[in-house]
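Remarks on the overall topology
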Amino acid sequence: MLQLNVKNESSRLRAVVLGSAINNGPSPTIEEAYDPKSLEHILAGTYPLEENMIIEMEAFNKVFQKYDVQVFRPEMIENYNQIFTRDIGFVIDDTFIKANILPDRERELDAIQYVLDQINPAKIVRPPEEVHIEGGDVMLWNDYIFIGTYKGSDYKDYITARTNMQGVEYIRNLFPNKIVKEFDLVKSKLEARDNALHLDCCFQPVGTNKGIIYKSGFREEADYVYLVQLFGKENLFHITRDEMYNMNSNVFSIDTNVVVSEKNFTRLNNWLRDQGFTVEEIPYAEIAKQEGLLRCSTLPLIRD
């Protein structure tokens, strides 16, 4: 049995579900685009090719092998995008929470059923239907659970709004001993540079006391100020609008001092090294065209 344990974003990783780009299917149509960045590349004819995404994901897998991390992959579904495992579920402490994802992505959960079969069934929960929550919006920091949401009255009109306030309350009730803090995120259906699809598109802790942040990703300045006061401004790396668009905050930590990052994130990677981190640089720019990156492609199961 897998003894689940995830309490933060950066403790030593032992087991993870890494997505797969194999048999990813044809480029989606304009109508099938889930987010403005994918739409942008569909319209421009630059949507990523399966062969290039397989190469990028294999580079990520090799880093996990280097650090002796147990890696699970989804079972293959033909002509189906299975890259972003973070969307379909997430672990808090020793509990696996299945996400209520967009209905046409339900099969992605079936593809990791063999992993779920290795977990104590009493530790797997599924929120009720009205609760919307995706793993990219759930950020763990020891006693804190940070959750991205969208509080606009037009929530239902936004395919880019993935976690509602019922989702926040569900987690609050499930983990009464945690400090659950929600963040109201900026959403756009048309401009990817102004769309924080998930919380990890504009914020992520690294190490034990540092983080990457994009101030304009938050609809309320008070939410940004909350994180600045919690972490200290000197411990936060502020990214630009273009860096947010390129997913600079969507790196992935294997340990408190090891971060996997995209090789083109020069300014960020230099800062991380200056802070004492080992930076494992890999190519991931093709996958980034789908408005997801390294954190989005992973579902951590066990950390120290």
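Note: the structure precedes this text.
Described below are features of the structure shown in this document.

Conventions we followed
- Residues numbered from 1 in each chain as written.
- Predicted model: local features only at pLDDT ≥ 70, side-chain atom pairs only at ≥ 80, totals over all residues.
- Heavy atoms only, no water.
- Helix = DSSP H or I, 4+ residues; strand = E, 2+ residues; numbered from the N terminus.
- Rg over C-alpha atoms; globule rule 2.2 N^0.38 Å.
- Buried < 20%, exposed > 50% of the residue type's maximum accessible area, 1.4 Å probe, protein only.
- Contact = heavy atoms within 4.5 Å.
- Areas by Shrake-Rupley, 256 points an atom, 1.4 Å probe, with all protein chains shown as cover.
- Lys, Arg positive; Asp, Glu negative; His and termini not counted.
- Charge placed at Lys NZ, Arg CZ, Asp CG, Glu CD.
- Pairing = 2+ DSSP bridges.
- Salt bridge = Lys/Arg side-chain N within 4 Å of Asp/Glu carboxyl O.
- Axes fitted to C-alpha atoms, helices over the stretch in contact; angles between N-to-C directions.
- Core = buried A, V, L, I, M, F, W, Y, C linked by side-chain atoms within 4.5 Å.

**As for the overall build of the protein**
Across its full length, the protein carries eight helices and 15 strands. The C-alpha radius of gyration computed for the protein amounts to 18 Å, which stays within 12% of the reference 19 Å derived for 304 residues, consistent with globular compactness. Projected onto its principal axes, the C-alpha positions of the protein cover 45 × 45 × 45 Å. Expressed as a percentage of the 304 residues in the protein, the buried residues total 61%. Taking all contacts inside the protein whose residues are at least 6 apart in sequence as the whole, residues at least 24 apart take part in 75%. As presented, the protein carries roughly 12,300 Å² of accessible surface, and 48% of it is formed by carbon and sulfur atoms. If you average the places of the 33 positive and of the 47 negative side-chain charges in the protein, the two averages end up 4 Å apart.

**Remarks on the pairing of strand β13 (residues 258–262)**
Across the five residues of β13, five count as buried, placing the element largely inside the fold. Linking strand β12 (residues 252–255) to β13, which pair antiparallel, is a turn of two residues. As paired strands, β13 and strand β14 (residues 278–282) are joined by five bridges and run parallel to one another. If you follow Val260 over to β14, its bridge partner there is Glu280.

**Quick notes on the pattern of salt bridges**
Oppositely charged side chains can form a pair if their charged atoms are brought close together. All told, the structure shown has 17 salt bridges when counted by the stated rule. Glu9 is the partner of Arg295 in a salt bridge, and the nearest nitrogen-oxygen pair spans 3.0 Å. Here Arg295 is found in the loop between β14 and β15 (298–303), whereas its partner Glu9 is found in the segment before β1 (13–18), with 286 residues between them in sequence. Of the two residues, Arg295 and Glu9, both sit in the buried class. Glu221 is paired through a salt bridge with Lys215; the nearest N and O atoms lie 3.4 Å apart.

**Comments concerning the sheet that holds strand β8 (residues 179–184)**
Either a parallel or an antiparallel arrangement is found when strands of a sheet pair, and the pairing is made through backbone hydrogen bonds. Spatial ordering of the open sheet is given by β6-β7-β8, a layout of three strands whose pairing is mixed. The open sheet terminates on both sides in strands that have one partner only, identified here as β6 (138–141) and β8. Here the strands of the sheet are splayed against their neighbours by 20° on average, with no regard to which way each runs. In this structure, strand β7 (residues 144–149) lies alongside β8, joined through six bridges in parallel fashion. Along β8, the bridge assignment pairs Gly148 with Phe183. Along the sheet, helix α5 (residues 165–174) contacts β7 and β8; its crossing angle with β8, the most-contacted strand, is approximately 170°. Those strands touched by helix α6 (residues 221–231) are β6, β7 and β8, and its axis lies near 135° from that of β8.

**Some thoughts on the side chain of Glu108**
Mapping Glu108 onto the fold places it in helix α3 (residues 107–110). Once you skip the residues sitting within four places of it in the chain, Glu108 turns out to touch Ile77, Tyr80, Asn81, Gln82, Phe84 and Ile88.

**Section: the nonpolar core**
Core analysis: the largest hydrophobic core is formed by 59 residues, its most contacted members being Phe60, Phe64, Phe146, Leu199, Phe203, Phe218 and Ile254. Broken down by element, the residue count for this core peaks at six residues, all from helix α2 (residues 50–66). When sequence neighbours within four positions are dropped, the list of residues in contact with Phe146 reads Asp137, Val138, Met139, Trp141, Lys181, Phe183, Leu199, Phe203, Tyr226, Leu227, Leu230 and Phe231. In this structure, Phe90, Leu109, Val138 and Tyr170 belong to the second largest nonpolar core, which totals 34 residues.

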